[in-house]
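# Fold and geometry: a report
Read off the chains here:
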Amino acid sequence: MSALVCVARIGAAHGVRGAVKLWTFTEDPFAVRRYGPLLSRDGKRQFEVATAREAKDHLVATFKGVTTRDEAERLNGIELYVPRDKLPATDADEYYHTDLIGLAAVTTDGEPLGRVVAIQNFGAGDIIEIAPPKGPTLLLPFSNAVVPEVDLAGGRVVIALPQEIEGDEAPSASRPRLVRKAHGGGDP
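Since we're looking at a predicted model, the values are computed, not measured.

Summed over all chains, the structure comprises one aromatic pair. Taking the centre distance of 5.7 Å and the plane angle of 65 degrees together, the rings of Phe47 and Phe63 count as edge-to-face. Taken as a pair, Phe47 in strand 4 (residues 46-47) and Phe63 in strand 6 (residues 59-63) lie far apart in primary sequence, 16 residues in all. A relative accessible area of 5% places Phe47 in the buried class. Using a relative accessible area of 2% as the deciding quantity, one classes Phe63 as buried.

In this section: the nonpolar core. Residues Val7, Ile10, Leu22, Leu38, Phe63 and Leu80 are the most contacted members of the largest nonpolar core, which totals 25 residues. Where this core is concerned, the elements lending two or more residues are strand 1 (4-14), strand 2 (19-24), strand 5 (49-54), strand 6 and strand 7 (79-83). A per-element tally of this core places strand 1 first, with five residues. With residues near it in sequence (within four places) discarded, Ile10 still touches Val20, Lys21, Leu22, Phe63, Leu75, Asn76, Gly77, Ile78 and Leu80.

The next thing to look at is the pattern of salt bridges. Within the structure shown, the criterion is met by seven salt bridges. The partner of Arg156 in a salt bridge is Glu149, and the shortest N-O contact between them spans 3.6 Å. Under the relative-accessibility criterion, Arg156 is labelled partly exposed at 29%. What makes Glu149 partly exposed here is its relative accessible area of 33%. Connected through salt bridges with shared partners, the residues Glu149, Asp151 and Arg156 form a single ionic network.

Cut-off values and rules
- Residues numbered from 1 in each chain as written.
- Predicted model: local features only at pLDDT ≥ 70, side-chain atom pairs only at ≥ 80, totals over all residues.
- Heavy atoms only, no water.
- Phe/Tyr/Trp six-rings, centres within 6.5 Å; stacked < 30°, edge-to-face > 60°.
- Helix = DSSP H or I, 4+ residues; strand = E, 2+ residues; numbered from the N terminus.
- Buried < 20%, exposed > 50% of the residue type's maximum accessible area, 1.4 Å probe, protein only.
- Core = buried A, V, L, I, M, F, W, Y, C linked by side-chain atoms within 4.5 Å.
- Contact = heavy atoms within 4.5 Å.
- Salt bridge = Lys/Arg side-chain N within 4 Å of Asp/Glu carboxyl O.

Everything listed here is a matter of geometry and, on its own, says nothing about what the molecule does.
As structure tokens, then:
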């Protein structure tokens, strides 16, 4: 089986008939229904979406075999995964977060910066998080200006460090680029 990619997280119970709030990390929220059984992180439990409807910022969903509020409450917080090979192919300059995590980060001069540990988005755009060998992680915009090259086959991202950060010389930074969320059918 290929690596697992997180495509959704189960939230609180909704109503009394086993429905839950479901936060999806896919471009199309309803894509979670097309992947077949969704797996728990350890792969030991399977969940199949029976119904799903849109709510404000999430879906309200039911899973086959879950029919009571008590059963639904026990699912709160479970992340749902699919094998990476079930996700659609990406377009040029589009990446699944999972494909970037662990890549080496190097400067445009080839100097090592560390490893990509996460792609974050706090509301103002994608941020690439790089863990250097020592010191705090670097948080840089994931843009073409900061991340001019993503070389998946070579296992690295090239980072163009900004000259200054808020008036201080930048110790080491990078440049981010457009990233798909987690991401099937869209983004996980």
